[in-house]
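Now for the letters of each chain:
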Amino acid sequence: MKVPVFIVEEHHEAFLVWDFARRSGQIAGPCLLMHYDDHADMRAPELNRSVKEIALKEAAYVRELVDENLAIDNFIVPAIYAGFINGLYWIKRDRSNSSRMNLTLRSFNQEGMKFICQQDDGSERTADARTFSYFKGGNDHVFTDPPEAGVKILLDIDLDYFSCCEQPSRQTVVAITRAEFEEFSADAYHPLKYITSRVEAVRYGDGYYYLFNKSSFSYESRRRLDAEAIQELINELISGLRHNRVKPELITICRSRFSGFTPEDQWEMIESQLIFGLSTLYDLDLHSINELRPAKDHTFEHAGYAKSL
């Protein structure tokens, strides 16, 4: 049986894939998420759109939720609340110890917009509460503490698991008016000075601009690995999946190239080698996140794959 594989650019788009998979019948009911990533992505968001009873919403509602409300580090918590996930394995490549806990997730005022996650003590058993198991460990621990046999699994792999840029560039330029430039320059307590790590108002030629997160320095990432080490990690991941007879309902692969967490000069090589490794285990049916967006929203093309990409 073919295993659907969706390649997403940034990780919050996995929520869109899981929603599509449930609507199309590719997954039925909550699954265990095996999340291979250099980051947990478990920040609890505060949304402007509710994920309560999201299965009853139109697909366009979910796209807007993903694009306007979710971020690359906070998509898993609402996915648990929405019923896509009922257990989580976060695997970080060199984590030296492992832990397992049971957690309860609920939303403020049962609105499905602001979330509270805490240790499960048995006191939260309301219709709004979601209980789930959370395992954290390295790939070695997946051999010794594998998922239970028979559970349905969503396999989720971020390319930055194999090689990661710890502090990617966040420099952004936004054109502004002269009045905005003058207001920012004159106000020592301008609100923008408190909502981003660094912002400057600059004049260049006849234009005025906000310059966000400018840095004159660049530091080598300690999480970046060379091609040989990357291939070894891919082999270890494939070996772990084979050893535990993991048969995922669906696979998501996140490039993390626009956010910069996967090095720009490595993501294509990592993606190609990973897909090859997975193809030794599964009959892959490759897809792109673009298939779940209107044509005007398509953000990338990849000529190296089948027509679905």
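Thresholds applied
Each chain carries its own residue numbering, running from 1 in the direction its sequence is written. Only residues with pLDDT of at least 70 get local features here, since the model is predicted, and only at 80 or more are side-chain atom pairs given and counted; chain-wide, interface and lining totals rely on the full set of residues. Based on all heavy atoms of the structure, the side-chain values leave hydrogens and waters out of the count. The numbering of helices and of strands both runs from the N terminus, where a helix is a DSSP run of H or I of at least 4 residues and a strand a run of E of at least 2. Under the convention used throughout, the expected extent of a helix is 1.5 Å for every residue step, that is, one less than its residue count. Classification of residues uses two cut-offs on accessible area relative to the type maximum, computed with a 1.4 Å probe and protein chains only: under 20% is buried, over 50% is exposed, and between them is partly exposed. In this description, the arc belongs to the directions extending from the helix axis to the C-beta atoms. The criterion used for residue contact is that any of the two residues' heavy atoms lie within 4.5 Å. The quantity called pLDDT is the predictor's confidence in a given residue, expressed from 0 to 100. As used here, the term nonpolar core means buried Ala, Val, Leu, Ile, Met, Phe, Trp, Tyr and Cys residues forming a set that is joined through side-chain atoms within 4.5 Å. Each patch is built from residues lacking any salt bridge and having more than 30% relative accessible area; the joining distance is 9 Å for like charges and 5 Å for nonpolar side chains (Val, Leu, Ile, Met, Phe, Trp, Tyr). Note on areas: Shrake-Rupley, 1.4 Å probe, and residue coverage restricted to the protein chains presented here. Within this document, salt bridges are pairs made up of a side-chain nitrogen of Lys or Arg and a carboxyl oxygen of Asp or Glu, the two lying within 4 Å of each other. We count Lys and Arg on the positive side and Asp and Glu on the negative side, and we leave His and both chain ends out. By convention, the charge on Lys lies at NZ, on Arg at CZ, on Asp at CG and on Glu at CD.

Here we take up helix α7 (residues 267–279). If you check α7, its first and last C-alpha atoms are 18 Å apart, about what 13 residues at 1.5 Å a residue would give, namely 18 Å. Buried within α7 are the following residues: Trp267, Ile270, Glu271, Leu274, Ile275, Gly277 and Leu278. Buried residues of α7 fall within an arc of 160 degrees about the axis and therefore sit on the same side. Against β1 (2–8), β7 (153–158), α6 (227–243), β11 (250–254) and β12 (283–288) lie the buried residues of α7.

Per-residue confidence for the chain averages 90 on the pLDDT scale, and 94% of its residues sit at or above 70. Confidence over residues 298–309 falls short of pLDDT 50; this stretch has 32 contacts with residues more than four positions distant or in other chains.

A few words on α6. A rise of 1.5 Å per residue sets the reference length of α6, with its 17 residues, at 24 Å; its end C-alpha atoms lie 24 Å apart and thus fit the reference within 8%. The inward-facing, buried residues of α6 abut β2 (31–36), α4 (139–144), β7 and α7. Count one or two residues on from α6 and you reach Arg245, which has phi positive near 50 degrees.

The biggest cluster of nonpolar side chains holds 41 residues, and the ones touching the most others in it are Phe15, Trp18 and Ile85. Here this core gets six residues from one element, more than from any other, and that element is helix α1 (residues 14–23). Not counting residues within four places of it along the chain, the set of residues in contact with Trp18 comprises Ile27, Leu33, Phe75, Ala79, Phe84, Ile85, Leu154, Asp156, Leu250 and Thr252. Within the second largest apolar cluster, 33 residues are counted, among which are Val3, Tyr161, Leu241 and Leu278.

A surface patch of nonpolar side chains, about 450 Å² in accessible area, is lined by Tyr189, Tyr194 and Ile195. You can call Tyr189 exposed: its relative accessible area is 65%.

For the rest of this paragraph, the subject is a negative patch on the surface. Taken together, the side chains of Asp140, Asp226, Glu228, Glu232 and Glu236 make up a negatively charged region of the molecular surface. Relative to the elements of secondary structure, Glu236 occurs in helix α6.

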